[in-house]
Amino acid sequence: MDLTKHAFFEGKIVPLGEAKINIATHGFLYGTAVFGGMRAYWNEEKKRLFVFRPYDHFRRLLNSGKMMAMKIQYDEESLTQLTLDVLRTDNWKQDIYLRPTIYKSDMGIGVRLHDLKDEFCMFVMAFEKYVKNDTNAHVTFSSWRRIDDNVIPARGKVAGAYANSALIKTDANRAGFDEAIVLDQNGHVSEGSAMNIFMVRDGALVTPPVTDNILEGITRRSIIEIARNDLGIPVVERSIDRTEVFIAEEMFMTGTAAQVVAVTQIDHRPVGIGSMGPITTKLRSLFDDVVRAKHPKYHGWNLEVG
Ligand code: PMP
């Protein structure tokens, strides 16, 4: 992490090294923070940086805040403008990751959401791959269950809820797997530790609905649109049973950090032919073009930093 790069903190653009919160801060004590995760991609031909779907990311962030009784002075437009200001300060010329957060900023003890101040902050870091084996990931079914929407809002990115994701990821990695599939309380496939799931069955793309305790992923939404529009593949949003994934033709996971990760083995069973399938291959390549502003049809998703 480069502490000399700039962040947005307490209403100002400051070097990351100066963006510090007190140990008695509510968001730190109780996980009462909501966050987003965005990427900006460097386009080498255009020599320009493009943020991917910032407006949609900020809308989800503000919605996560709404669920947690948070209110800040910024809307999607002003957060997008502020992002441009932060990025221009450092004149980034590489792929980066942006982490905006809204947190309960009062200091002191008392578990609640009301009568507390909310603060917005954001930092930026250089970022490449999140999952090393992103063309041949081996995943397992986690023994943990995905948080239920009636426990902590599952469709929001609530910081405290990521203790669940951390348990899932660490146990999977320590057992030698790249990632895990998490079931919800009903035993249906929900998602990965920080990524949504798709499988291919009978040539159609199938993914759990937003009512199966998933995070409403922006990559998920983008992939659904690209698959329908550019590959002409039907996409079905329905619950997925555990054993269905063993007989899927292809499987992949999606997320801002993860991008599109091909899953080629599940608990030592090959997915399809055991290597990245044709639909996953096409979607990975299309997605890369789309996020780097190389696909004119989707230019509305690319915000040029300039
Ligand atoms: N699920 C969870 C739990 C996540 O943390 C993420 C990453 N934000 C995703 C899914 C993927 O969402 P997105 O495509 O918007 O990054």
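Everything numeric in this text was worked out from a predicted model, so none of it was measured. (Residues numbered from 1 in each chain as written. Predicted model: local features only at pLDDT ≥ 70, side-chain atom pairs only at ≥ 80, totals over all residues. Heavy atoms only, no water.)

A.B. asks: Please explain the site of the ligand as it appears in this structure.
C.D. replies: The environment of the ligand is made up of 16 residues, and the closest members are Arg60, Lys157, Tyr162, Thr219 and Thr256. At 2.7 Å from an oxygen atom of the ligand is found a side-chain nitrogen or oxygen belonging to Arg60. Ile218 is positioned with one of its backbone polar atoms (N or O) 2.7 Å from an oxygen atom of the ligand. Protein coverage of the free-state accessible area of the ligand, which is 380 Å², stands at 97%. Sorting the residues of the shell around the ligand by element identifies helix H5 (218-230) and strand S14 (250-255) as the ones contributing at least two each. Counted by class, the shell around the ligand contains 5 nonpolar, 7 polar and 4 charged residues. (Near = heavy atom within 4 Å. Polar contact = N/O pair within 3.5 Å; in protein donor to acceptor, adjacent residues only side chain to side chain. Areas by Shrake-Rupley, 256 points an atom, 1.4 Å probe, with all protein chains shown as cover. Helix = DSSP H or I, 4+ residues; strand = E, 2+ residues; numbered from the N terminus. Nonpolar A, V, L, I, M, F, W, Y, C, P; charged D, E, K, R; others polar.)

A.B. asks: Teacher, can you tell me more about the environment of Tyr55 here?
C.D. replies: As for its placement among the helices and strands, Tyr55 is situated in helix H2 (residues 54-67). According to the relative accessible area criterion, Tyr55 is partly exposed, its value standing at 34%. Separated by 33 residues in sequence, Tyr55 and Arg88 have C-alpha atoms that sit 18 Å apart. Those residues in contact with Tyr55, other than ones at most four positions away along the chain, are Glu76, Glu77 and Thr80. (Buried < 20%, exposed > 50% of the residue type's maximum accessible area, 1.4 Å probe, protein only. Contact = heavy atoms within 4.5 Å.)

A.B. asks: Would you explain the pairing of strand S12 (residues 204-207) in this entry?
C.D. replies: Remember that side chains alternate between the two faces of the sheet whenever the strand is regular. Residue alternation in S12 divides its side chains into two sets, Ala204 and Val206 and Leu205 and Thr207, and both sets are buried. As judged from the 3 bridges shared by strand S11 (residues 196-201) and S12, these two strands associate in the antiparallel manner. Across the sheet, Met199 pairs through a bridge with Val206, a residue of S12. Joining the antiparallel neighbours S11 and S12 is a turn of 2 residues, in which Asp202 adopts a positive phi near 50°. Here 3 bridges tie S12 to strand S13 (residues 235-237), and the two strands are oriented parallel to one another. (Pairing = 2+ DSSP bridges.)

A.B. asks: What am I meant to see in H5 here?
C.D. replies: Turn by turn, an α-helix covers 3.6 residues, leaving residues three or four places apart pointing in a common direction. With 13 residues, H5 should cover 18 Å at 1.5 Å per step; its first-to-last C-alpha distance of 18 Å lies within 8% of that length. Buried within H5 we find Ile218, Thr219, Arg220, Ser222, Ile223, Ile224, Ile226 and Ala227. Backbone geometry just downstream of H5 places Gly232 in the positive-phi region, at approximately 60°. (Expected span 1.5 Å × (residues − 1).)

A.B. asks: Just checking my understanding: could you explain the packing of aromatic side chains for this structure?
C.D. replies: How two aromatic rings sit relative to each other is set out by the distance from centre to centre and by the angle between their planes. Counted by the stated rule, this structure contains 11 aromatic pairs. On the basis of an interplanar angle of 50° and a centroid distance of 5.9 Å, the ring pair of Phe8 and Phe120 is categorised as tilted. On the criterion of sequence distance, the pair formed by Phe8 in strand S1 (residues 6-9) and Phe120 in strand S7 (residues 118-126) is long-range, its members being 112 residues apart. Looking at Phe8, the relative accessible area reads 7%, which means it is buried. Taken together, Phe52, Phe287, Tyr298 and Trp301 form an aromatic cluster joined through their ring pairs. (Phe/Tyr/Trp six-rings, centres within 6.5 Å; stacked < 30°, edge-to-face > 60°.)

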